Amino acid sequence: LSDEGSAMILKLAADKLRAGVVREYPAVEFKPEADYFIIGNDAQMMEFAKAVAGGSFNKSKAILTCDIDMSDTPWTSIKDFGGTFDGMGHTIAGLCAPLFETLSGTVCNTTIQSAISETASLNIGAVACKLAGGTISRVNVEGLVEYIPAAVPAEANFGAVAGDVSSGTITG
């Protein structure tokens, strides 16, 4: 940026210009060589889940580029996740099941709005059923996380963010 009178002018070198998708957060630097899985809608969220479940998730990081609503999309928790899921301040609304079953990676900078009613699993939380060495940081949970059976088994673990926290870190 240069200051020329009262106007600020952005000067870009021709070799720095690239065709592509305009990002919502210009403060975040997207490097072409970076390995991001971009999630901007419910269909891309389902593609992400399918890639992780199928073992073809070869990205270092998944990021949300906007708020997404999963209310009309049947969600099944992603079994195991060891990468980084960065919500970039965005919200995932309408989850009817936890985001992950087992989390050994990182989930950060997001809000989960859920209506989760569990009847079978012994571990339940909006972000992860089980935190196994992972990190959950700057994640807000809004909505309902409930265990339905009348008699809750003694071995059941449930919480708003994560159910069983065998190891890992949860911070504000």
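The preceding data block contains the structure.
All values reported here derive from a predicted model rather than from experimental measurement.

Engineer: Please provide a residue-by-residue account of helix α1 (residues 42–53), values included.
Structural biologist: Because an α-helix completes one turn every 3.6 residues, residues spaced three or four positions apart along the sequence face the same direction. When the terminal C-alpha atoms of α1 are compared, their 16 Å separation across twelve residues agrees well with the 16 Å that a helix rising 1.5 Å per residue should span. Among the residues making up α1, those that are buried are Met45, Phe48, Ala49, Ala51 and Val52. For α1, the arc enclosing every buried residue in end-on projection is 160°, short of the 170-degree limit, so these residues lie on one face. Residues of α1 that are exposed and angled more than 90 degrees away from the buried face: Lys50 and Ala53.

Engineer: Describe unusual backbone geometry, and please don't skip the residues or the numbers.
Structural biologist: Non-glycine residue Asn109 carries a positive phi angle of around 55°. Residue placement: Asn109 occurs in strand β9 (residues 106–118).

Engineer: Lay out the nonpolar core with the relevant residues and their values.
Structural biologist: Within the largest apolar cluster, 34 residues are counted, with the highest numbers of intra-cluster contacts made by Met45, Phe48, Phe85 and Ile92. Only β3 (36–39), α1, β4 (61–64), β6 (78–81), β7 (84–95), β8 (100–103), β9 and β11 (128–147) provide two or more residues apiece to this core. Ranked by the residues each element gives to this core, the list is headed by α1, at five residues. Non-local contacts of Phe85, meaning those with residues more than four positions away in its chain, are made with Ile39, Met45, Phe48, Ala62, Leu64, Ile92, Leu99, Phe100, Thr106, Val107 and Cys108.

Engineer: Lay out the side chain of Thr91 in plain terms, naming residues and giving numbers.
Structural biologist: Considering the arrangement of structural elements, one finds Thr91 in strand β7. Its relative accessible area of 15% is what places Thr91 among the buried residues. Filtering out sequence-adjacent residues up to four positions away, Thr91 remains in contact with Asp67, Ile68, Thr110, Thr111 and Gln113.

Engineer: Explain the environment of Ala43 to me, using residue names and the numbers behind them.
Structural biologist: Its place among the elements puts Ala43 in helix α1. Accessibility expressed as a relative area gives 42% for Ala43, which makes it partly exposed. Put simply, Ala43 and Met70 are 27 residues apart on the chain and 9.1 Å apart in space, counted from C-alpha to C-alpha.

Engineer: For the pattern of salt bridges, give the residues involved together with the corresponding values.
Structural biologist: In the structure shown here, the tally under the stated rule is two salt bridges. One salt bridge connects Asp86 with Lys61, and the closest N-O pair in it is separated by 3.6 Å. Here the residue Asp86 occupies a position in strand β7, and Lys61 occupies one in strand β4, the gap between them amounting to 25 residues. Residue class for Asp86 comes out buried when judged on its relative accessible area of 10%. Lys79 serves as the salt-bridge partner of Glu101, at 3.4 Å between the closest nitrogen and oxygen. One end of the pair, Glu101, is in strand β8; the other, Lys79, is in strand β6, with 22 residues separating them in the sequence. By relative accessible area, Lys79 is classed as exposed at 53%.

What counts and how
Residues numbered from 1 in each chain as written. Predicted model: local features only at pLDDT ≥ 70, side-chain atom pairs only at ≥ 80, totals over all residues. Heavy atoms only, no water. Helix = DSSP H or I, 4+ residues; strand = E, 2+ residues; numbered from the N terminus. Expected span 1.5 Å × (residues − 1). Buried < 20%, exposed > 50% of the residue type's maximum accessible area, 1.4 Å probe, protein only. Arc of directions from axis to C-beta. Core = buried A, V, L, I, M, F, W, Y, C linked by side-chain atoms within 4.5 Å. Contact = heavy atoms within 4.5 Å. Salt bridge = Lys/Arg side-chain N within 4 Å of Asp/Glu carboxyl O.

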